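Analysis of the macromolecular model
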Amino acid sequence: MRSFKLIERYKSTQVHAVTPPEANPSTTTTSCAAAGKVNHHSKWLKLSQTISASAAEPLLPCGLPKTELIEPPIDPHLKSVNHVETLASLYRRFQTCSRFDKLLICLEQYSLLRSLCDPKLLRRCLWTARQNVADVHSKVVLSAWLRYERREDELLGSTSMECGGHILECPKAAMLHGYDSNSFYDHCQCHLGTAHRADKQIIVGDDGCSTSNEDSDVSFCIGDEEINCVRNRIAVLSGPFETMLYGSFIESNKVKIDFSENGISAEGMRAVEVFSRTRRLDSFNPEIVLELLSFANRFCCEEMKSACDAYLASLVCNIGDALILIDYGLEETASLLVAACLQVLLRELPSSLYNLNVVKIFCSVEAKERLAMVGHASFLLYYFLSQVAMEENMVSKTTVMLLERLRECATEKWQKALALHQLGCVRLERKEYEDAECCFEAAIRVGHVYSVAGLARAKYKQGHQYSSYDLMNSLISDYKSVGWMYQERSLYCNGRMKIFDLNTATQLDPMLSFPYKYRAVALMEEKQIRASITEIDKIIGFKVSPDCLELRAWFFIALEDYPSALRDIRALLALEPNYMMFHGKVSADHLVELLSRRVQQWSQADCWMQLYDRWSCIDDVGSLAVIHQMLVNDPHKSLLRFRQSLLLLRLNCQKAAMRSLRLARNHSVSEHERLVYEGWISYDTGHREEALSKAEESIALQRSFEAFFLKAYVLADTSLNPESSAYVIQLLEEALKCPSDGLRKGQALNNLGSIYVDCGKLDLAADCYMNALDIKHTRAHQGLARVFHLKNQKKAAYNEMTKLIDKARNNASAYEKRSEYCDREMAMNDLSMATRLDPLRTYPYRYRAAVLMDDQKEPEAVEELTRALAFKPDLQMLHLRAAFYESMSDFVSAIQDCEAALCLDPNHTDTLELYNRARDQATHQQQK
């Protein structure tokens, strides 16, 4: 495994700041644009007016934070009070609804799962939605959305209309009506090339060519020119022409018909004549085809209109074409042409949102109505657009207008709740508190409980603190307690009650960062700076985010511990390269410059030594900081960008990791290197076969460590049989023969040892782990402990894990693993420590629950899992609790947990078996 377990590869934290700086929106447009497209400011960074008189004063131009000015953001997405019940309901509805209705259920699931910040789950929702739509509009929006999620716009050399080879993301497949492949991974037909497309064009034209020598029997006169036509061929173009040429009109008896006043040029009429015979348009320039489109609309020539629509749609290749042709398409109700233009505009996101001409197409009421006339205004479209706009600039006027259109398109309750809640969040950030209050109230009326927190905040901003407190107090009384309820109520009370609410919020949901930040700043105000650092360390230990790193750096500056402050700010910049500190007053890059003058400078060789030391002691934040410094000296070093992506993935920061991986690909200096990084991008976005293909292409160009390692890693991500295991071993051995540094070779040796263990070759595995330890790959202690355990040397295994705990800076996983090599009491102690260090790890909860179940303490076992599921809906915990319920004959609860688990992974075999068994038992129980 690259540097962590596969099951942890897709954990992530939201690293993009949601809340903007406290400023009047009318005065911040320029400053926001200058700061970058993404809003990087942290809401809690409101600054005191008192400037410290310490020696650190130049580094703290805005003073220190105060507790009364800290507040958490209102999350701009749907939140359920009961995740399990909601997910189970979604799964049931998806299984029983028609294929036509699956799109909206997938979107609802997407909106609810956004709060979990798991890109893998969100991508699966969009894939499933795209798989289950047949209309061109939905296919265009979803294929563009999938492209946006992959951030392919950041890949140098790629164009918006470039096809990646997968049918669900292919722009050409999206323009064809009908359902596509049943597989997420099936390839489209683009690779067949131009010859195939040329053949299709010839076939299209065959129908009418044989009539080209027919004698004309009617002429259309336009000015001084006559266009000779075949009467019956013109007549079949439409009902009006048939009536005119064969009905009771005088034109039916004329040989020459004056057509000068019908809005078509002589050249256009010649094109009509050619089309009437050949049904082809490829010999005409676009201006003539546009004229034909207008003519076809005027005379109800549906076949001609469809042909013009499709032909013009095929010409749209860039944003310039789209902006020109979309007006024609809207005016002439050419749905396919509008779809093609929309596809380009959507696939150019987010940059296209900064084009005023693009904004005009989507944002106004009139614009939405024009799109609706051709079937291209939908909740799906405006949901996508509004999400992109919110990520780019939450307080912009464009964001507000798109959310207003989203609200107008909403028909179902959850859609209205989402649109109103998000609009309320944006209004709140824009300091439009009365409007925000109205939006949140409307969202509550359609059933979104979390909007009560937004309503309370809006009232609080208007000076109604007691009203806000009552709202949250009533909510806590009416519903089963959830962490965010206590967090929100803490804003509206003081003293011991505030601390009680914050501590309760942390117990119920340790993922909430605000309670840690508040307690840390409170300690800072009491001059207990070391204690404040210890408090913020608690959450940074398992959830790294820019705002928490910034706060800790702030504390270090106050302590005049400049090396530690510099480390945190460099790590922060790896997550958010354009981050603005001190409430947007100082760029993080500038602060790095100021701090660098106060610390010892390292050469590039020094940096490599420091990186080895930090990597070996599993100090991921420290390693990120060192790599950031190295990249300042050599910003185009793709190898360093790749290392940075590995660390970010290990810290569960997948968005930032993928950005680093794309930069590695963009800065690669050779074709074989570029292919390796493209392979990792494909693997990390769920395209395993494509990753293998990239690795093989790279090896064909040049045998390299990274290419062999990529291929071995991808192949190992399956259930290996003896033959495939031998092949993976061979690949890793080939990788080790190629030049590389100790950091990567240690990982390869560790992976090789793991394969040997799976094959039962324990001595060979031990040799690999020992060799890895010799080059400071500390994680090899874990593999060596496994070898000792399999050799029935339990004490040696325990001691080996103890060595890892002693060396590792981040050692929650080591405590968890050591619990497997000791008696129950010691195991429980280790797992308690693992939970304290990282409450998001699920194994400790499952182990403790299993122990309680073995001790016949069924309610306590269920409660242990329920406590964790309240803040982290996890497939394995849901499956285990369902099994507990089944053993307790509570089949209704077992079924619900299975349905919730299957909503997260519909193909999980063990859960499917348990689900079917529980349903059969429930049916049998009812029949008794």
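If you're wondering where the values come from, they're calculated on a predicted model, not measured in any experiment.

**Details of the overall build of the chain**
- A tally of regular secondary structure across the chain gives 48 helices and 5 strands.
- Taken over the C-alpha trace, the chain has a radius of gyration of 32 Å; the compact-globule value for 928 residues is 30 Å, and the two agree within 12%.
- Each principal axis of the C-alpha distribution contributes one length, and for the chain these read about 105 × 80 × 70 Å.
- Taken over 928 residues, the chain has a buried fraction of 59%.
- Partitioning the contacts of the chain with sequence separation of at least 6, the portion at a separation of at least 24 is 61%.

**Quick word on the sheet that holds strand E1 (residues 218–222)**
- The strand order across the open sheet built from 3 strands is E2-E1-E3, with neighbouring strands paired in mixed fashion. Looking at strand neighbours, the two that pair on one side only are strand E2 (225–229) and strand E3 (256–258), the edges of this open sheet. Strand-to-strand twist across the sheet, computed as the mean angle between neighbouring axes with direction ignored, equals 30°.
- Summarising the sheet, E1 and E3 pair through 3 bridges and their orientation is parallel. Of the residues in E3, the one forming a bridge with Cys221 is Asp258.
- The sheet strands contacting helix H10 (residues 266–278) are E1 and E2, and the helix crosses E2 at an angle near 5°.

**Details of the packing of aromatic side chains**
- In this structure the tally under the stated criterion is 29 aromatic pairs.
- An angle of 75° between the planes, with centres 6.0 Å apart, marks the rings of Tyr91 and Tyr915 as edge-to-face. Of this pair, Tyr91 sits in helix H2 (residues 83–96) while Tyr915 sits in helix H48 (residues 909–927), placing them 824 residues apart in sequence. Judged on exposure class, the residue Tyr91 and its partner Tyr915 are both buried.
- Taken together, a centroid distance of 4.8 Å and an interplanar angle of 40° make the contact between Phe295 and Phe299 tilted. With respect to burial, Phe295 and Phe299 carry one shared label: buried.
- Ring-pair connections join several aromatic residues into one group, and the members of that group are Tyr110, Trp145, Tyr148, Phe379, Tyr383, Phe384 and Trp414.
- Looking at Arg151, its charged tip hangs above the ring of Tyr148, at a distance of 4.1 Å from the centre.
- Here the basic side chain of Arg744 rests over the ring of Phe709, its NZ or CZ set 4.6 Å away from the ring centre.

**Overview of helix H4 (residues 119–131)**
- End to end, H4 covers 18 Å across 13 residues, agreeing with the expected 18 Å (1.5 Å per residue, within 8%).
- Residues of H4 that are buried include every one of Pro119, Leu121, Leu122, Arg123, Cys125, Leu126, Trp127, Thr128, Ala129, Arg130 and Gln131, and no others.
- Its side-chain oxygen placed 3.0 Å from the backbone nitrogen of Lys120, Asp118 serves as the N-cap of H4.

**Some points on the confidence of the model for the chain**
- Within the chain, residue pLDDT values average 88, and 90% of them lie at 70 or more.
- Long-range and interchain partners of residues 1–55, a stretch whose pLDDT sits below 50, account for 165 contacts in this model, where long-range means more than four residues apart.
- Below a pLDDT of 50 lies the segment residues 194–213, which in the model reaches 13 contacts outside its immediate sequence neighbourhood of four places, other chains included.

**Some details on the nonpolar core**
- In terms of nonpolar packing, the biggest core is built from 285 residues, with Phe220, Phe259, Met304, Leu346, Phe362 and Leu591 touching the most fellow members.
- If you look at the next biggest cluster of nonpolar residues, it comprises 14 residues, including Ile618, Met801, Leu804 and Tyr815.

**Some words on unusual backbone geometry**
- Pro350 follows Leu349 through a cis peptide bond whose omega is 5°.
- Within the element layout of this structure, Pro350 appears in the loop between helix H14 (335–347) and helix H15 (356–362).
- With a phi close to 65°, Asn792 is a non-glycine residue in the positive phi region.
- Looking at where Asn792 falls in the secondary structure, it is placed in the loop between helix H40 (780–790) and helix H41 (794–807).
- Here Ser889, not a glycine, exhibits a phi torsion of approximately 65°, which is positive.
- You can see Ser889 is positioned in the loop between helix H46 (875–887) and helix H47 (891–904).
- Ser889 sits in the partly exposed class, given a relative accessible area of 40%.

**Considerations on the pattern of salt bridges**
- Enumeration according to the criterion identifies 52 salt bridges in this entry.
- A salt bridge links Glu535 to Lys538; the shortest N-O distance between them is 3.1 Å. Placement of both Glu535 and Lys538 in helix H26 (residues 529–540) is noted, with a separation of 3 residues, approximately one turn of the helix.
- Across the pair Lys817 and Glu820 runs a salt bridge, and its minimum N-O distance is 3.4 Å.

**Notes on helix H30 (residues 604–616)**
- Taking 1.5 Å per residue as the helical rise, H30 with its 13 residues ought to reach 18 Å, and the 18 Å between its terminal C-alpha atoms agrees with that figure.
- For H30, the full list of buried residues reads Cys607, Leu611, Trp615 and Ser616. Taken down its axis, H30 places every buried residue within 160° of arc, on the same side. Turned more than 90 degrees away from the buried face of H30 sit Ala605 and Met609, all of them exposed.
- As for H30, its buried residues are in contact with helix H31 (620–633), helix H32 (638–650) and helix H38 (742–758).
- In the stretch just after H30, Ile618 is the one whose phi turns positive, near 55°.

**Thoughts on the pairing of E2**
- Looking at chain direction, E1 and E2 are connected through 5 bridges and run antiparallel. For Phe220, the partnering residue across the bridge sits in E2 and is Ile227.
- In textbook terms, the turn of a hairpin is the stretch between consecutive antiparallel strands, and for E1 and E2 this stretch comprises 2 residues, one of which, Gly223, has a positive phi near 65°.

**Digging into the packing of helix H3 (residues 102–113) against helix H19 (residues 413–429)**
- At a minimum axis distance of 11 Å, the contact between H3 and H19 shows a crossing angle of 40°. For the element pair H3 / H19, the angle class is oblique. Of the two elements, H3 crosses H19, and the hand of that crossing is left-handed. Side by side, H3 and H19 meet where Leu104, Leu107, Glu108 and Ser111 of the first sit next to Trp414, Gln415 and Leu418 of the second.
- Taken together, the residues that form the contact of H3 with H19 break down as 4 nonpolar, 2 polar and 1 charged.

**Some thoughts on the side chain of Asp830**
- Along the polypeptide, Asp830 turns up in helix H43 (residues 824–837).
- Judged by relative accessible area, Asp830 falls into the buried class, the value being 5%.
- Asp830 has contacts with Tyr798, Tyr815, Arg818, Ser819 and Cys822, leaving out every residue within four places of it along the chain.

**Some details on the pairing of E1**
- Counting buried positions along E1 gives 5 out of 5 residues, so the element sits mostly inside the fold.
- The alternating pattern of E1 places Val218, Phe220 and Ile222 on one face and Ser219 and Cys221 on the opposite face, and all of these are buried.

**Remarks on the packing of H4 against helix H5 (residues 136–150)**
- For the pair H4 and H5, interaxial distance at closest approach is 9 Å and the crossing angle is 155°. By the angle between their directions, the pair H4 and H5 is classed as roughly antiparallel. Every pair of crossing elements has a handedness; the one defined by H4 and H5 is left-handed. Here Arg123, Leu126, Trp127, Ala129 and Arg130 of H4 come into contact with H5, specifically with Lys139, Leu142, Ser143, Trp145, Leu146 and Glu149.
- Among the residues forming the contact of H4 with H5, the class breakdown is 6 nonpolar, 1 polar and 4 charged.

Definitions and limits used
- Residues numbered from 1 in each chain as written.
- Predicted model: local features only at pLDDT ≥ 70, side-chain atom pairs only at ≥ 80, totals over all residues.
- Heavy atoms only, no water.
- Helix = DSSP H or I, 4+ residues; strand = E, 2+ residues; numbered from the N terminus.
- Rg over C-alpha atoms; globule rule 2.2 N^0.38 Å.
- Buried < 20%, exposed > 50% of the residue type's maximum accessible area, 1.4 Å probe, protein only.
- Contact = heavy atoms within 4.5 Å.
- Pairing = 2+ DSSP bridges.
- Axes fitted to C-alpha atoms, helices over the stretch in contact; angles between N-to-C directions.
- Phe/Tyr/Trp six-rings, centres within 6.5 Å; stacked < 30°, edge-to-face > 60°.
- Lys NZ or Arg CZ within 6 Å of the ring centre and 35° of its normal.
- Expected span 1.5 Å × (residues − 1).
- Polar contact = N/O pair within 3.5 Å; in protein donor to acceptor, adjacent residues only side chain to side chain.
- pLDDT = per-residue confidence, 0-100.
- Core = buried A, V, L, I, M, F, W, Y, C linked by side-chain atoms within 4.5 Å.
- Salt bridge = Lys/Arg side-chain N within 4 Å of Asp/Glu carboxyl O.
- Arc of directions from axis to C-beta.
- Parallel < 35°, antiparallel > 145°, perpendicular 65-115°, else oblique.
- Left-handed = near helix turned anticlockwise from the far one by under 90°.
- Nonpolar A, V, L, I, M, F, W, Y, C, P; charged D, E, K, R; others polar.

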